[in-house]
Amino acid sequence: MDGTGRRIAIFGGTFDPFHNGHLRMAVEVMEGLSLPELFLIPSARPPHKPSRPMAAAEDRLAMASAAVAEIEGISVLDLELRREGPSYSLLTVREVSDGNPGADILFLIGADAFAEIATWHRYRDLLAACDFLMLPRPGIAPEASFPPEIRIEPEGDRCYNLPGCSCRLPGGRRLLCPALPVLDISSRSIREKVRRGRSIRGLVPPGVERYIEDHGLYRGEERG
Ligand code: ATP
C-alpha cells in the first residue's frame, strides 16, 4: 500500500458460517488502516480445506451477506462462486484488481493459512500480486507462521495505526502483522454447537443466526 491509490481489503474464507471473529477482524483492520472498503469473498471449492461436507456455497454467501447487510464499507463478492474450478487466490486477486483499476489490494489471511501458503497454487506470483495482512493467532508470534520457503524481511514496528510490525515479501510487497485482539470463535465451534442444540447467540451476527435456524443448517453429523 503506497497510500496513493484507492485501497481495498479482501478477506476470503470458507465462512461456513461467517462469525463474529471474522467480523471483528474486518472491522479492526478497516478502522486501524482507515480503509473505506472491504470485500468478503466466500470460497467455492477451497483447495486447502479437508473434504468435509460443507454448507452449500449459496448458503455461505447468503450468511456472509446477511452478516454485513447494515455495515458500511463491507460487502460480499461472489466471484469465486461464479468461477469454474478450485478457488485459487491468485485468480481472485487478479479479478478484483481488473475490476478496480489502480486500486491497492490488501489480502487478509489467517496466520494458520499463511503458514501453509507455500503449498498454494503459484504462491510466489500471489505474494507478488498484492500486499498481505496476517490475522494473528492469540499468543503466537507472527514469525512462527512464516513458511521457511519464503524469505520475509522485517521492516520495522510500523503497522499504520495498528500495533504490530511490517515486513517485506520477496518481490517487494508488504506483509503487515498487526497484533489484534482475536476472538476465540471458529466456524467449526459454531457448527458443533448447532449440532448439539446449543445456542450460538453472540458468536455470529443475528442475521447469520436466523439463517442457520430458518434453513436447518449444521444439524447433521460432521465428518472430516
Ligand atoms: P473452520 O473452523 O471451519 O476451519 P474458520 O473459523 O477458521 O473455519 P474460515 O472461513 O476458514 O473460518 O476463516 C477465514 C479466515 O479467517 C482464515 O484465514 C482464518 O484463519 C481466519 N479466522 C477464522 N476465525 C478467526 C478469528 N476468530 N479471529 C481471526 N481470524 C479468524
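Residues numbered from 1 in each chain as written. Predicted model: local features only at pLDDT ≥ 70, side-chain atom pairs only at ≥ 80, totals over all residues. Heavy atoms only, no water.

A. Quick look at the sheet that holds strand E1 (residues 7–13). Taken in spatial order, the 8 strands make up an open sheet running E3-E2-E1-E4-E5-E8-E7-E6, and their pairing is mixed. The open sheet is flanked by strand E3 (74–76) and strand E6 (153–156), the only strands paired with a single partner. Strand-to-strand twist of the sheet, defined as the mean angle between neighbouring strand axes without regard to direction, takes the value 30 degrees. In this sheet, strand E5 (residues 131–135) lies alongside strand E4 (residues 104–110) in parallel orientation, the contact comprising 5 bridges. (Pairing = 2+ DSSP bridges. Helix = DSSP H or I, 4+ residues; strand = E, 2+ residues; numbered from the N terminus. Axes fitted to C-alpha atoms, helices over the stretch in contact; angles between N-to-C directions.)

B. Just the pattern of salt bridges, in detail. Evaluation of the coordinates by the stated rule reveals 11 salt bridges. By sharing partners, the salt bridges in this structure join Glu-155, Arg-168 and Arg-174 into a single network. (Salt bridge = Lys/Arg side-chain N within 4 Å of Asp/Glu carboxyl O.)

C. Looking closely at the packing of aromatic side chains. With the rule as written, the count across this model stands at 4 aromatic pairs. Taken together, a centroid distance of 5.5 Å and an interplanar angle of 85 degrees make the contact between Phe-11 and Phe-15 edge-to-face. Assigned by exposure class, Phe-11 and Phe-15 land together as buried. On the numbers, 5.3 Å between centres and 70 degrees between planes, the contact of Phe-15 with Phe-18 is edge-to-face. With relative accessibility at 0%, the residue Phe-18 sits in the buried group. Counting every residue linked through ring pairs, the aromatic cluster contains Phe-11, Phe-15 and Phe-18. (Phe/Tyr/Trp six-rings, centres within 6.5 Å; stacked < 30°, edge-to-face > 60°. Buried < 20%, exposed > 50% of the residue type's maximum accessible area, 1.4 Å probe, protein only.)

D. Quick look at the nonpolar core. Of all hydrophobic cores here, the largest spans 38 residues; its most connected members are Val-29, Leu-38, Leu-40 and Leu-108. For this core, the leading source of residues is helix H1 (residues 20–32), giving 5 residues. Setting aside its immediate chain neighbours within four residues, Leu-38 contacts Ala-9, Phe-11, Ala-26, Met-30, Gly-73, Ile-74, Ser-75 and Leu-108. Among the nonpolar cores identified, the runner-up in size contains 31 residues, and Val-96, Ile-105, Leu-127 and Cys-177 belong to it. (Core = buried A, V, L, I, M, F, W, Y, C linked by side-chain atoms within 4.5 Å. Contact = heavy atoms within 4.5 Å.)

E. The state of the cysteines, seen in detail. Within this structure, the stated rule accounts for 0 disulfides. Between Cys-130, a free cysteine, and Cys-177, which holds the nearest cysteine sulfur, the sulfur-to-sulfur gap is 14 Å. Cys-177 provides the cysteine sulfur closest to Cys-165, a residue in no disulfide bond, and the two sulfurs are 4.5 Å apart. (Disulfide = S-S within 2.5 Å.)

F. View of the packing of helix H2 (residues 57–68) against helix H8 (residues 206–215). Interhelical geometry of H2 versus H8 gives an angle of 145 degrees and a closest axis separation of 8 Å. Each of Glu-58, Asp-59, Ala-62, Met-63, Ala-66 and Ala-67 in H2 lies in contact with H8, whose residues at this interface are Gly-207, Val-208, Tyr-211, Ile-212 and His-215. Of the residues contributing to the contact of H2 with H8, the split by class is 7 nonpolar, 2 polar and 2 charged. (Nonpolar A, V, L, I, M, F, W, Y, C, P; charged D, E, K, R; others polar.)

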